[in-house]
Amino acid sequence: MKAKPQLHGLPSYKPGKPIEEVKRELGLTKVVKLASNENPYGSSPKAAKAIQDAAAQTAIYPDGYAAMIREKVATKIGVDENQLIFGNGSDEVIQFLCRAFLSPETNTVTADPTFSQYKLNATIEGAEVREVPSVDGVHDLDAMLEAIDEQTRIVWVCNPNNPSGTYVNEAAFTNFLERVPSHVLVVSDEAYYEYVTAKDYPETLPLLKKYNNLMILRTFSKAYGLAALRIGYGVGNPDLISLIDPVRPPFNNTTFAHVAASAALDDDQFIADCVEKNTAALKQFEQFCENHNLTYYPSQTNFILIDFNRSGDEVFDLLLKKGFIVRSGQALGFPTCVRITVGTEEENKELFAVLEEILHSNKVGQ
Ligand SMILES: *Cc1c(COP(=O)(O)O)cnc(C)c1O
């Protein structure tokens, strides 16, 4: 058998450890997962009810056109229905874009470090990946622009960026968009859009009118708390959407994702409450870092990247033993950091206590 050569040696995605496995391995009764930027408050109760109400529909294929959620999202964000494409998570929309635009003759430009799925999917398509080092965790848009050439097909702006939590502001983004050649698709991945509080964060939807080479990605996995259901979407020019739609498998979302996401969109209060708690908790994380002289990346998301000045894997292991699953920065491009998802007030308090212990024993040990 001869698979694509680029698949050889390509690692599988390593997700955060499952809670049950950690409990078993370490003999812990309580384990908190702060590793995958999930919403610690779950999702709107309206979403769970919608799934229950749809429970009898398992034998029927879902609506391949996603009419119900399409109409809902279009109304909610103020675009036309033909400007939307739904994916099995926005991860799948990233896959559609790579499949549609990239091939071995082409290249794609990303920041470094950034979300791993751009590079992975581009590599599978055989495209060259041009990774442009970020500055203090923020995309270097000027350098990314310089990396673009005739063969470039997609440039990825992860905004806010995972894993740094930092963002590109409105002036920088619009200036960038103005200068990117029209043959290049600009993807603004806004997985953490709902959590953003910065006043100068770019509002990209109105830019779609002017730039038909812009695609915006949003998801129900983060603030909406529907990660288990796998639903996210892309917003773009209708021609762009109909161009890439044949790449999409015909029934790529489940009925349960459609009904739950539709119901979740009706619960603005749930999102507002979660965002308020997240913003307050982020302040506590920042305060904790300042109190302990730890460098952190200012976050516009529901996670924070903290520099512990020692191996991220080590801090990861120490936290794991105390029942907290986080993400080591080692595999994320920040070897001395860990990325911690903001938890509930109680979880954060417990985490701070454990971190204090770790920082203290570190000093003693030196
Ligand atoms: C979580 C995340 C996604 C994808 O989430 P889905 O669950 O596939 O919708 C996309 N981009 C970034 C930056 C993310 O952090």
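Residues numbered from 1 in each chain as written. Predicted model: local features only at pLDDT ≥ 70, side-chain atom pairs only at ≥ 80, totals over all residues. Heavy atoms only, no water.

The chain has the name Histidinol-phosphate aminotransferase in an unreviewed UniProt entry, where Halalkalibacter wakoensis JCM 9140 is given as its organism. Turning to the chain, the UniProt annotation filed under Pathway (unreviewed entry) states: "Amino-acid biosynthesis; L-histidine biosynthesis; L-histidine from 5-phospho-alpha-D-ribose 1-diphosphate: step 7/9." The Sequence similarities (unreviewed entry) field of the UniProt record for the chain holds the comment "Belongs to the class-II pyridoxal-phosphate-dependent aminotransferase family. Histidinol-phosphate aminotransferase subfamily." (UniProt positions renumbered as here; feature names shortened; annotations may be inferred.)

### Focus on the site of the ligand
Around the ligand there are 13 residues in total, and Ser90, Tyr192, Thr219, Ser221 and Lys222 lie nearest to it. Computed on the free molecule, the ligand has an accessible area of 390 Å², of which 94% lies beneath the protein chains in the complex. Here the residues of the shell around the ligand are counted per class, giving four nonpolar, five polar and four charged. (Near = heavy atom within 4 Å. Areas by Shrake-Rupley, 256 points an atom, 1.4 Å probe, with all protein chains shown as cover. Nonpolar A, V, L, I, M, F, W, Y, C, P; charged D, E, K, R; others polar.)

### Quick notes on helix α3 (residues 67–77)
Working note: α-helix, 3.6 residues per turn, so residues spaced by three or four point in the same direction. Listed in full, the buried residues belonging to α3 are Ile69, Arg70, Val73, Ala74 and Ile77. Angularly, the buried residues of α3 cover 130° about the axis, an arc narrow enough to put them on a single face. Residues of α3 that are buried sit in contact with β2 (84–87), β7 (214–219), β8 (232–236) and α9 (255–265). Looking at the residues trailing α3, positive phi occurs at Gly78, about 75°. (Buried < 20%, exposed > 50% of the residue type's maximum accessible area, 1.4 Å probe, protein only. Helix = DSSP H or I, 4+ residues; strand = E, 2+ residues; numbered from the N terminus. Arc of directions from axis to C-beta. Contact = heavy atoms within 4.5 Å.)

### Remarks on the packing of aromatic side chains
The way to describe two aromatic rings as a pair is by their centre distance and the angle between their planes. By the definition in use, this model includes 12 aromatic pairs. With a centroid separation of 4.5 Å and 25° between ring planes, the pair formed by Tyr61 and Phe251 is classed as stacked. Pair noted here: Tyr61 is in the loop between α2 (45–53) and α3 and Phe251 is in the loop between α8 (238–244) and α9, with a separation of 190 residues, a long-range link. Centre to centre, the rings of Phe288 and Phe352 are 4.9 Å apart; their planes meet at 15°, and the pair counts as stacked. (Phe/Tyr/Trp six-rings, centres within 6.5 Å; stacked < 30°, edge-to-face > 60°.)

### Looking at the pairing of β2
Neither face of β2 is exposed, since Leu84 and Phe86 on one face and Ile85 and Gly87 on the opposite face are all buried. Relative to β8, β2 is paired through four bridges, and the arrangement is antiparallel. For Phe86, the partnering residue across the bridge sits in β8 and is Tyr233. (Pairing = 2+ DSSP bridges.)

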